[in-house]
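Single-letter residue listing:
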Amino acid sequence: SVSRAIKPFAEPGRPPDWFSQKHCASQYSELLETTETPKRKRGEKGEVVETVEDVIVRKLTAERVEELKKIIKETQEKYRQLKKDAELIQAGHMDNRLEELCNEIMLWVISLF
């Protein structure tokens, strides 16, 4: 059921069986095997102990946050470059490169989808 629920959020280029139950189960098993089991602490009853699942969630969340930061940085850099190009075009300094810039922008826009 999880595999079907997350399928709409797939990254482009994933193979068709990426979200099969078997593949998801094998990925989860691999995560469990590669994640260090948190050491249990002696303490009072009712104390919350971190589970392997908590460690996995924290690790994957941190990785995803880093991925998103990288994507944001790349997008901001591209935006600044496009804004600079737009200013140069409006000033008439890029008339000889208009067609080339238009093609670059179209390819970039297409790559977003």
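Residues numbered from 1 in each chain as written. Predicted model: local features only at pLDDT ≥ 70, side-chain atom pairs only at ≥ 80, totals over all residues. Heavy atoms only, no water.

Identification of the protein chain as BRD8 protein from Galbula dea is taken from an unreviewed UniProt entry.

**Overview of the overall build of the protein chain**
Counting its secondary structure elements, the protein chain contains four helices and zero strands. Each helix and strand of the protein chain, ordered N terminal to C terminal, gives the series α-α-α-α. Buried residues in the protein chain amount to 10% of all 113 residues. Nonlocal contacts in the protein chain, meaning residues at least 24 apart in sequence, comprise 18% of its contacts between residues at least 6 apart. For the protein chain, the exposed surface amounts to about 10,200 Å²; the carbon and sulfur share of it is 57%. (Helix = DSSP H or I, 4+ residues; strand = E, 2+ residues; numbered from the N terminus. Buried < 20%, exposed > 50% of the residue type's maximum accessible area, 1.4 Å probe, protein only. Contact = heavy atoms within 4.5 Å. Areas by Shrake-Rupley, 256 points an atom, 1.4 Å probe, with all protein chains shown as cover.)

**So, the side chain of T35**
Looking at where T35 falls in the secondary structure, it is placed in the loop between helix 2 (21-34) and helix 3 (52-90). The buried category is assigned to T35, whose relative accessible area is 9%. Within the local environment of T35, its side chain forms a polar contact with the backbone oxygen of L31, the two atoms lying 2.6 Å apart. Setting aside residues up to four positions removed in sequence, T35 forms contacts with V52, V55 and I56. (Polar contact = N/O pair within 3.5 Å; in protein donor to acceptor, adjacent residues only side chain to side chain.)

**Side note on the packing of aromatic side chains**
Aromatic ring pairs are defined here through the distance separating the ring centres and the angle between the ring planes. Counted under the stated rule, the structure contains zero aromatic pairs. The ring of W18 has R14 sitting right over it, with the charged end atom 4.1 Å from the ring centre. (Phe/Tyr/Trp six-rings, centres within 6.5 Å; stacked < 30°, edge-to-face > 60°. Lys NZ or Arg CZ within 6 Å of the ring centre and 35° of its normal.)

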